[in-house]
Amino acid sequence: MTTAAPRTRVGPRKAWTTGQIVLTLLGTAVSAVFLAPLAWALSTSWKSETEAVEVPPHWLPEDWTGQAWTALLETGNLTNWFVNSLVVSVCVTAVVLLVSALAGYGFARTEFRGRGVLLGVVMAGLMVSPAVLGVPLFTTVQQLGMVDTYWGMILPQCAPAAMVYILYKFFQGVPRELEEAAFIDGASRWRVFFTIVLPLSRPSLAAVGIFTFISSWNNFLWPYMVTNDPDLMTMPNGIATVMNSYGIQWAQLMAGGLMAGLPLIIVFVFFQRQIVAGVAHTGLAGQ
């Protein structure tokens, strides 16, 4: 004989407090500020070029047209630009994950002479703007014969000081007892790293990978400096070339910006939990 489970009584919903109302209104206002440029770009991309530059401007098009999207698809080599951006971003992300994981773990767990000085040198890279390093990096790439190559675009983006710091902070929080137990069982340092530490650091690795991919995809300056071949241009550079060749066509510019940013929006929508979890696990949320 089975007894029915007691039914849970659902009471009336509690009224919102003043703090909840204020936070909801504040969140709505902040969301509107961030979404307004995207809404404006989407609206402008469906306007004619004449209507896009009208003063005063208006949000919704009076005459809906896909002329800007059609012109962009006809005048631009979007397939090559997308493939180039994907190849460069994926390769940069893979190298950065490998380098930053090894370096972060080495700084967090290995004791050697000059460790503090070397860590300080790596962290000093956070204070140097990438634009300052543009000329010496280009000179080095040119001397190595990597101008107008994938390697020339990929390798200079693989010096991840910030990503090393993120994983370094995470590895410091991993209990040493787990590694010491594996050492007692006869595991080597490499086996401990790949079988224990890396599985525990999946949220942080996911966050580092997503941040790196987004940064590499949006990188305009370095691919612009090192690439003159139209067949090797990335999405930001290719769209900028179309704009420079045919003048500033605002409707096409908005359509191109949305097309270049669409993969990043998709990545963020599907991986936002990993981003939040990664930042929380690294201990950077309060810094």
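Refer to the preceding data block for the structure.
Rules and cut-offs
The written sequence of each chain sets the order in which its residues are numbered from 1. Reporting of local features is limited, given that this is a predicted model, to residues whose pLDDT is at least 70; pairs of side-chain atoms are given and counted only at 80 or more, and all residues count toward the totals for whole chains, interfaces and linings. The side-chain quantities take in all heavy atoms of the structure and omit both hydrogens and water. As defined here, a cavity is a set of points on a 1 Å grid over the protein atoms alone where a 1.4 Å probe fits but cannot get out. A pocket is an open set with protein on both sides within 12 Å along at least five of seven lines, and residues line them when an atom is within 4 Å of a point. Grid points are joined across faces, edges and corners, and a volume is the space filled by probe spheres set on the points. Only DSSP runs of H or I with at least four residues qualify as helices, and only runs of E with at least two residues qualify as strands; both kinds are numbered from the N terminus onward. Fitted lines through C-alpha atoms serve as axes, helices being fitted only where they are in contact, and the angles separating the N-to-C directions of these axes extend from 0 to 180 degrees. Working rule for angles: under 35 degrees goes down as roughly parallel, over 145 as roughly antiparallel, 65 to 115 as roughly perpendicular, anything else as oblique. We call two residues in contact whenever any of their non-hydrogen atoms come within 4.5 Å of each other. Any residue that is not Ala, Val, Leu, Ile, Met, Phe, Trp, Tyr, Cys, Pro, Asp, Glu, Lys or Arg is counted as polar, Gly included; the first ten are nonpolar and the last four charged. Handedness of each helix crossing follows the sense of rotation of the near helix against the far helix: counterclockwise by less than a right angle gives left-handed, clockwise gives right-handed. By convention in this document, the label disulfide applies to cysteine sulfur atom pairs within 2.5 Å. Buried means the residue's accessible area, taken with a 1.4 Å probe over protein chains only, is under 20% of the maximum for its type, while exposed means over 50%, and partly exposed covers the values in between. Think of a nonpolar core as a cluster: buried Ala, Val, Leu, Ile, Met, Phe, Trp, Tyr and Cys residues, connected wherever their side-chain atoms sit within 4.5 Å.

Enquirer: Quick rundown of the layout of surface pockets? Include the residues and the values.
Expert: In this structure, the largest pocket encloses a volume near 780 Å³. Elements with a contribution of two residues or more to the lining of the largest pocket: helix H4 (78-109), helix H6 (134-143), helix H8 (161-172), helix H11 (202-218) and helix H12 (221-226). At four residues, H11 tops the list of elements feeding residues into the lining of the largest pocket.

Enquirer: Explain the packing of helix H10 (residues 189-200) against H11 to me, using residue names and the numbers behind them.
Expert: It is the contact of H10 with H11, at a shortest axis distance of 5 Å, that shows an interaxial angle of 70 degrees. Classified by the angle between their axes, H10 and H11 sit roughly perpendicular to one another. Contact residues: Leu198, Pro199 and Leu200 in H10; Arg202, Pro203 and Leu205 in H11. Of the residues assigned to the contact of H10 with H11, the class counts are five nonpolar, no polar and one charged.

Enquirer: Break down the packing of helix H9 (residues 176-184) against H10 for me, citing the residues and quoting the values.
Expert: Viewed as axis vectors pointing N to C, H9 and H10 meet at an angle of 145 degrees, and their least axial separation amounts to 10 Å. Judged by the twist between their axes, the crossing of H9 over H10 is right-handed. For the pair formed by H9 and H10, the contact residues are Leu178, Glu179, Ala182 and Phe183 on the first element and Arg189, Val192, Ile196, Val197 and Leu200 on the second. Tallied by class, residues from the contact of H9 with H10 come to seven nonpolar, no polar and two charged.

Enquirer: Just give me the short version of the state of the cysteines, but keep the residues and values in it.
Expert: On inspection of all chains with the given rule, the structure shows zero disulfides. For the unlinked cysteine Cys91, the closest cysteine sulfur is that of Cys158, found at 8.6 Å. For Cys91, a relative accessible area of 31% translates into the label partly exposed.

Enquirer: Help me get a handle on empty space enclosed by the protein, residues and values and all.
Expert: Under the criterion given, the structure shown has one cavity of 30 Å³ or more. Space inside the largest cavity adds up to approximately 40 Å³. Around the largest cavity sit Ser85, Val88, Ser89, Ser216, Trp217, Asn219, Pro223, Thr234 and Pro236, which together line it. If you list the elements that add at least two residues to the lining of the largest cavity, you get H4 and H11.

Enquirer: Go over the nonpolar core with me, naming the residues and quoting the values.
Expert: Core analysis: the largest hydrophobic core is formed by 33 residues, its most contacted members being Phe171 and Phe193. Those elements that place two or more of their residues in this core are H4, helix H5 (115-124), helix H7 (150-154), H8, H10, H11 and H12. Core analysis: the next-biggest nonpolar cluster, separate from the first, contains eleven residues, Leu78, Ile210, Met233 and Val267 among them.

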